[in-house]
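# Inside the fold
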There are 4 protein chains.
Amino acid sequence: MSKRIRVGVIGAGRIGKIHTENIVYGVKGAEVAAVSDLKIDAIRDWAQGLGIRKVTGDYKELLADPEIDAVIICSSTDTHSQITIEAAGAKKHIFCEKPIDYDIVRIHKALDAVRNAGVKFQVGFNRRFDHNFKKVHDLIREGKIGDPHIVKITSRDPAPPPPEYARVSGGMFLDMTIHDFDMARYLAASEVVEVYAQGAVLVDPQIGKAGDIDTAVITLKFANGALGVIDNSRKAVYGYDQRVEVFGSGGCVAVSNDTPSSAVLSREDGVHSEKPKYFFLERYMESFATEMKMFIDAVLNDSIPSVTGVDGLKPVLIGLAAKRSLAENRPVKVED
Amino acid sequence: MSKRIRVGVIGAGRIGKIHTENIVYGVKGAEVAAVSDLKIDAIRDWAQGLGIRKVTGDYKELLADPEIDAVIICSSTDTHSQITIEAAGAKKHIFCEKPIDYDIVRIHKALDAVRNAGVKFQVGFNRRFDHNFKKVHDLIREGKIGDPHIVKITSRDPAPPPPEYARVSGGMFLDMTIHDFDMARYLAASEVVEVYAQGAVLVDPQIGKAGDIDTAVITLKFANGALGVIDNSRKAVYGYDQRVEVFGSGGCVAVSNDTPSSAVLSREDGVHSEKPKYFFLERYMESFATEMKMFIDAVLNDSIPSVTGVDGLKPVLIGLAAKRSLAENRPVKVED
Amino acid sequence: MSKRIRVGVIGAGRIGKIHTENIVYGVKGAEVAAVSDLKIDAIRDWAQGLGIRKVTGDYKELLADPEIDAVIICSSTDTHSQITIEAAGAKKHIFCEKPIDYDIVRIHKALDAVRNAGVKFQVGFNRRFDHNFKKVHDLIREGKIGDPHIVKITSRDPAPPPPEYARVSGGMFLDMTIHDFDMARYLAASEVVEVYAQGAVLVDPQIGKAGDIDTAVITLKFANGALGVIDNSRKAVYGYDQRVEVFGSGGCVAVSNDTPSSAVLSREDGVHSEKPKYFFLERYMESFATEMKMFIDAVLNDSIPSVTGVDGLKPVLIGLAAKRSLAENRPVKVED
Amino acid sequence: MSKRIRVGVIGAGRIGKIHTENIVYGVKGAEVAAVSDLKIDAIRDWAQGLGIRKVTGDYKELLADPEIDAVIICSSTDTHSQITIEAAGAKKHIFCEKPIDYDIVRIHKALDAVRNAGVKFQVGFNRRFDHNFKKVHDLIREGKIGDPHIVKITSRDPAPPPPEYARVSGGMFLDMTIHDFDMARYLAASEVVEVYAQGAVLVDPQIGKAGDIDTAVITLKFANGALGVIDNSRKAVYGYDQRVEVFGSGGCVAVSNDTPSSAVLSREDGVHSEKPKYFFLERYMESFATEMKMFIDAVLNDSIPSVTGVDGLKPVLIGLAAKRSLAENRPVKVED
């Protein structure tokens, strides 16, 4: 393998483009050698402008290319596990967008393939690399709050996806809350063993008709005895609300939202400040760049990726338990 | 009845003394005519210093005194309902500390007695009169956040009571969380219909041995469809943590803790500010004075007290449901 | 002298009433024995409601009353020094509202009389007792910011006084900024040796026509080498703006405004919080009570008052230097 | 001129490298065609790693290269005006680091050369592009605070430069405060007409021996009647302190420091948060990228640069007035 990693990006939708540009502009040890997308015509100009040599409609060309060391899988969720298996077979290192799959059996097959091939595998839980959440994590690891007792996560989107999206997304818990389930594990440093989920349709009745919910409060029990709670809404009119608070025997640590500026305007009608950064592109842009650097570093240095296959599996298990809890209105144990 | 209300205080422990001094120093339409306490010797000097004429060991003397218009019941919890019944029989207006009782049948008997006597009855849920929580309440009532979707209450004490206290207090839910159950109703303007309670013993194993918990996350469903969550700890090392946040269709409102000063100290080792006010005496002193003014006003103006008998009953019902939920690890409906 | 101090209040305008009620309701070692005011009819009901025995139109009656231990001088500023001299002659302890006088010779005469009589004398610089400013002061004294280098004071009123007030008030520097000159000395723990004052009429041209200014930036040099700056406006549309910041070799400490509540409302149109408490009555009520307790304590314990005669003199000297600086547009040394 | 601007960077010290990398990684309409530096060996590897074709020890090669459209002048300050004149003669567009020169005559000569050549000229006052300061500026322009009355700028470095630096830097006012003079003009939208500067040596006596100061409070009068104050220190132990506040007839707007994260840690020993970002590289990285984009945009679109030659001249005039004010301890008019 060359000292400069050659990357192929599979699927150049919104998130695929972000990863591609982050590698081109910001990751020094890597270059994007090729990009594949089913809609090849839609990405040709964009790829050329970035100086990417190879653009194809068929990701298998990337897997077959011996010059490519690693792939970034950003295709539709239902293809993640299958492409992971193929890429592992082709001995490519793999960065896979979350979730690996909605089906536990398929996830296990993908992780088995990765293990057998001995390639690096990192899952796209980018929020672990966010400056705020990472700081909370680090302070907890340094023992600043003692033993964690209560983990609280607030995660609210500025606007709901189209109702029909509910049908293909696996539902709010697997599509949106899955990031919070990962965050809970990341911060508590303990596995979630039981879930109780309350859900409601308060934002848009169409979401309810599509079989999903748009508002939720989910409580968690961790293996180490700590408790947790996540609250979600598909529509916070003031923007993307992304906060955590962890309370422990020795103190409490909390982070607030990032804003475009710190300007505070005091007027006769009150004191006004800025809303949170609008949505995940604004809020998490830096974390997308960092997770990619971390992945390339893991490949370059042959070290363990920061978000492993197990880290990809566990939030899906929690999400499935939450779905059952909601359906049956009772606490549900998370499968091992 | 005279235009200046003559009040008798029954039970002059910590909270009884606070109410007494608030009336003496701050409530213009009222005076404390008499105080009773089982330990009469312990309060004589204090009462004299305040210019209170009559000090007795027997509250029945206060009830028998035709010059007394109203009583403040601050005796031990197990006597609240019985004294309420007797005071109502004596046609005294009643301010009763929370909780009215731990037993629903006894609460109903007390409320029946009040209703039959036609006297005023106010329960000591003082936090409704706190400047922060009242502002949240008012903003919600003004429609500033639209329909409430998620009510979040954080309530953490600075230090646990002695473990033996757990045996007489009715447990954390009826002793401590009961204020939060009242706050949930006050803010949501909707009744709690179902409760799911997680509890843990993370602060002090002695509390667990005494049959109680010291850490909890409790989720609520409201009649109007909104969801709620309360988190409690008996020991926040940084002091009394009392915050709420209500999220709705049109926005979100939150309050933070009060601190002794707003001083921010920036040094090489970080940026430092003050801890929350230490405990309820510091934090809620103003609200104790206000609730007493409101009670005297209700008597003077023959208006409905701001915290009614039903407001005293409901949090106990929620607390009992929470206890059962914890014991059976399942969501429990709140009795009507 | 009795163990309970008997106080006479001279002048029962707004501030006189505040001091009176604070003693009646909140200072345990003192009582208000008498009140005098030129407009005796306007205060009779108010005084009676507070249970004050003696109400008179002539302050000399208070000075002649052997039962009165101390007087609170709240009459018009032009009478402060004369009444101080007479009260000292009558061996009364004296709390005198600021400023003692606008004339240095008359201040010295008053302070001489106090010294000769050996009575306690405290000047009404209440802001020293404010929870925020006192905390800044204490942190500096504890060495938390090392040696002070830069003292910054922001002091802005919500609304200007009537323009004609400028003629009798001695001008903005002696009427309003005088509190900031005291604060500068209190925080820096060093004397102001030189002043440079910029002034402007930006709020109301009528104030300019009356010979005063309504906006100012004043820089200070302290004896210990530190620098200072005060900024003033007669009209902050968002309310009373009262902040300080002190920067030193080891750090920086700053306080922000107090608000009626900590409520933060996040909506589509931004994030909104409360304006500062409106004006000095709301903002400094607690400090008025505390300064009075401190005065009574100094009398009871025969200790040095917290704000001495020199503390009353110095800000006037600085104010006069500032007036000259503004008139001559040059830095001016403060007279010794 | 090509649609893609070919840029030559003159001087690849710290700031030259930042501009170079910002163009390479982040400015789509431009490329770095060449870099010159006196220490050519020190930059060869770095330049090659960025794919820059031409590296030279002689900036004149860049000026002579017909393929180069624009130059970024990041050489030592004493060469700025001379290279500007030569670059203008070679018809190159010019981005020049601040200050253009310390000598007014030489600045005028440089600006004349630019004017005669008709090339674009932008000065490196990057803080105008900072998210916080730009927001303050925009709110003022939108009339949100009415007419500005008081402009306050706090600007404190985390650590002083070596004392010998004072001799070559032109002194604190021309080296450090010059950014604040620009900020004052940018925010007030009015020219500074008079300056009064207080200075002190409180951080390091060696700085005083070198003829400079390390602490200052500078007051400003603006043409429109507004007042201003800047406070500076060479050593804020808690990091880079960069704040502004503008008060006006209709309100007040202020910004606070940026921090690495918003984490707040509450513990028994207090409530702790992060220090400001350490120094200008951390704090202003984004603004360096933005100013370069704006410069390239101005060249591409033939529009007026956002920071003009006059914007480069005025802060030097103010700085020279401040130096004289300090030396003579009197307010000094700014030369026209």
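Preceding block: the structure.
Residues numbered from 1 in each chain as written. Chains lettered and ligands numbered in written order. Predicted model: local features only at pLDDT ≥ 70, side-chain atom pairs only at ≥ 80, totals over all residues. Heavy atoms only, no water.

## Quick look at the relation of the copies chain B and chain A
Here is the rule we go by: Alignment of copies: least-squares fit on C-alpha atoms of residues with pLDDT of at least 70 in both copies.
For these two chains of identical sequence, chain B goes onto chain A by a turn of 180 degrees and a shift of 0.0 Å along the axis, with RMSD 0.0 Å. In the structure described here, the two chain copies are related by an operation that fits a two-fold rotation axis. Across chain B, the smallest distance between a C-alpha and the rotation axis is recorded for Arg 330 of chain B, namely 2.9 Å.

## Re the interface of chain B and chain A
We count it as follows: In this description, contact between two residues means that some pair of their heavy atoms is separated by no more than 4.5 Å. Throughout, the accessible surface (probe 1.4 Å) given up by two parts as they are put together, summed over both, is called the buried area. Any Lys or Arg side-chain nitrogen found within 4 Å of a carboxyl oxygen on Asp or Glu counts as a salt bridge. Whenever two N or O atoms come within 3.5 Å, that pair is a polar contact, provided that in protein one can donate a hydrogen and the other can accept it, and provided that, for residues adjacent in sequence, both atoms are side-chain atoms. In this text, helices come from DSSP runs of H or I with a minimum length of four residues, and strands from runs of E with a minimum of two, each type numbered from the N-terminal end. Three categories are distinguished: nonpolar for Ala, Val, Leu, Ile, Met, Phe, Trp, Tyr, Cys and Pro, charged for Asp, Glu, Lys and Arg, and polar for the others, with Gly belonging to the last.
Opposite the 40 residues of chain B that make contact, chain A presents 40 residues. Taken together, both faces of the contact between chain B and chain A bury some 3000 Å²; the carbon and sulfur share is 63%. When residues of chain B are sorted by the area they lose upon contact with chain A, Gln 198, Leu 227 and Phe 247 of chain B head the list and together hold 18% of the total. Linking chain B to chain A there are 6 salt bridges. Glu 245 of chain B is paired through a salt bridge with Arg 156 of chain A; the nearest N and O atoms lie 2.8 Å apart. Applying the counting rule to chain B against chain A returns 14 residue pairs in polar contact (both at pLDDT 80 or more). Where the side of chain B that touches chain A is concerned, the elements lending two or more residues are strand S7 (148-156), strand S8 (192-200), strand S9 (215-222), strand S10 (227-233), strand S11 (241-248) and strand S12 (251-255) of chain B. Residue composition of the side of chain B that touches chain A, grouped by class: 17 nonpolar, 14 polar and 9 charged.

## Notes on the side chain of Gln 122 of chain B
Residue and element names in this part refer to chain B. Note the following rule: In this scheme, a residue with accessible area under 20% of its type's maximum is buried, one over 50% is exposed, and one in between is partly exposed, where area comes from a 1.4 Å probe on protein chains only.
Positionally, Gln 122 belongs in strand S6 (residues 121-123). Accessibility expressed as a relative area gives 0% for Gln 122, which makes it buried. Within the local environment of Gln 122, its side chain forms a polar contact with the backbone nitrogen of Phe 295, the two atoms lying 3.5 Å apart. Apart from residues no more than four positions distant in its own chain, Gln 122 is found in contact with Ile 94, Phe 95, Cys 96, Phe 129, Glu 291, Met 294, Phe 295, Pro 305, Ser 306 and Val 307.

## Thoughts on the environment of Leu 281 of chain A
All names here are of chain A. Mapped onto the secondary structure, Leu 281 falls in helix H11 (residues 280-301). Along the primary structure Leu 281 and Arg 14 are separated by 267 residues, whereas in three dimensions their C-alpha atoms are 9.5 Å apart. Each residue touching Leu 281, except ones within four places of it in the same chain, is listed here: Arg 14 and Ile 18.

## With respect to the interface of chain C and chain B
In this assembly, 27 residues from chain C lie in contact with 27 residues from chain B. Both sides of the chain C and chain B interface together cover about 2000 Å² of buried area, and 49% of this is carbon and sulfur. In this assembly, chain C and chain B are joined by 2 salt bridges. For the interface between chain C and chain B, the tally reads 12 residue pairs in polar contact (both at pLDDT 80 or more). Secondary-structure elements contributing two or more residues to the side of chain C that touches chain B are helix H1 (14-26), helix H6 (131-141), strand S12 (251-255) and strand S13 (264-267) of chain C. In terms of residue count, the dominant contributor to the side of chain C that touches chain B is S12 of chain C (5 residues).

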